[in-house]
Amino acid sequence: MALETCGSCLSCLLIPLALWSIVVNVLLYFPNGKASHAASYQLPNYVWYFEGICFSGVMILLLAVMLVTLECNVFYRCCQSESCNKTYRSFISIVLALLGVAFSGYSCIIFTLGLIQGPFCNSSGGWDYIFKDTAGGYLTDYPAWSRCTEPANIVEWNTILLSILIALSGLQLIICFLKVAAELKRTLCGTYSVFVQPRIL
């Protein structure tokens, strides 16, 4: 019952998460607030996938707006029966929520792989992914972080921002799963049922 009554609030929660995802992803392009490294393409390859801006950002934002719109009573009636109309709305919500699962899940995977790979930085051996062979072990090896000399504090910058993005996309994934569960329960358990019509029987 709680899932059914909170369907619209779940959709609304996606909006701030998507906006924060865009903001945090943009910050990855400006280590320490400087644009010089982005201009010279001295950034990690995963930054150029735009997953935080496009997938867990703009796409999730659009899906959230459509889901909230579907919850409104002013939605266009697609058939004469009110129960039928609500069921079709619920079906569309399920499809949109499943897309949200795909977008946020993809983003979460890319952010996690980026965190494991480590930053693209300048060291004694030149510009490279110097932590790529540590399988994420560098995250707890704080003395090794000093091997990255440029950009300054890039390990901390990337670790914090990518961890935030993983948390944001993870929350989006959970919310979209709950939205799918809520709409499936609503449709299959009788709230919007059109499978049994007494008049026809």
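Right above here is the structure, for reference.
Residues numbered from 1 in each chain as written. Predicted model: local features only at pLDDT ≥ 70, side-chain atom pairs only at ≥ 80, totals over all residues. Heavy atoms only, no water.

Draft legend 1. Just the packing of aromatic side chains, in detail. Throughout the structure, instances matching the rule amount to six aromatic pairs. Geometrically, the ring pair formed by F55 and F103 is tilted, given 5.9 Å between the ring centres and 50° between the ring planes. In this pair, F55 sits in helix α4 (residues 51-71) while F103 sits in helix α5 (residues 82-117), placing the two residues 48 residues apart along the sequence. Judged by its relative accessible area of 16%, F103 falls in the buried class. With centroids separated by 5.1 Å and ring planes inclined at 80°, the aromatic side chains of Y142 and W145 adopt a geometry described as edge-to-face. Residue classification places W145 among the buried residues on the basis of a relative accessible area of 15%. By way of ring pairs, the aromatic residues F55, F103 and Y106 are connected into one cluster. (Phe/Tyr/Trp six-rings, centres within 6.5 Å; stacked < 30°, edge-to-face > 60°. Helix = DSSP H or I, 4+ residues; strand = E, 2+ residues; numbered from the N terminus. Buried < 20%, exposed > 50% of the residue type's maximum accessible area, 1.4 Å probe, protein only.)

Draft legend 2. Highlighting the pattern of salt bridges. Per the counting criterion, the structure on display carries one salt bridge. Between E183 and K179 there is a salt bridge; the shortest N-O distance is 3.2 Å. Remark: K179 and E183 occur in helix α6 (residues 154-188); sequence separation between them is four residues, near one turn of the helix. In terms of burial, E183 and K179 fall into one category: buried. (Salt bridge = Lys/Arg side-chain N within 4 Å of Asp/Glu carboxyl O.)

Draft legend 3. View of a nonpolar patch on the surface. The grouping of V58, M59, L62 and M66 at the surface amounts to a nonpolar patch, some 310 Å² of accessible area in total. Following the sequence through the fold, M59 ends up in helix α4. You can call M59 partly exposed: its relative accessible area is 31%. (Patch = residues over 30% accessible without salt bridge, like charges linked within 9 Å, V, L, I, M, F, W, Y side chains within 5 Å. Areas by Shrake-Rupley, 256 points an atom, 1.4 Å probe, with all protein chains shown as cover.)

Draft legend 4. Quick look at α4. Along α4, the sharpest kink reaches roughly 30°, centred on I60. For α4, the complete set of buried residues consists of E51, G52, I53, S56, G57, I60, L63, A64, L67 and L70. (Bend = angle between axes of the 7 residues up to and from the residue.)

Draft legend 5. Layout of unusual backbone geometry. Each neighbour pair has its own omega, and for E150 with P151 the value is -10°, a cis peptide bond. Mapping P151 onto the fold places it in the loop between β2 (126-128) and α6. One non-glycine residue, A135, lies in positive phi territory at about 55°. Examined against the element boundaries, A135 turns out to sit in the loop between β2 and α6. Even without being a glycine, N153 presents a positive backbone phi close to 55°. Tracing the backbone through its elements, the reader meets N153 in the loop between β2 and α6.

Draft legend 6. The arrangement of the side chain of S21 in detail. Relative to the helices and strands, S21 resides in helix α2 (residues 7-27). One polar contact links S21 to S56, side chain to side chain, over a distance of 2.7 Å. Beyond its immediate sequence surroundings of up to four residues, S21 is in contact with G52, S56, G57, L165, L168 and Q172. (Polar contact = N/O pair within 3.5 Å; in protein donor to acceptor, adjacent residues only side chain to side chain. Contact = heavy atoms within 4.5 Å.)

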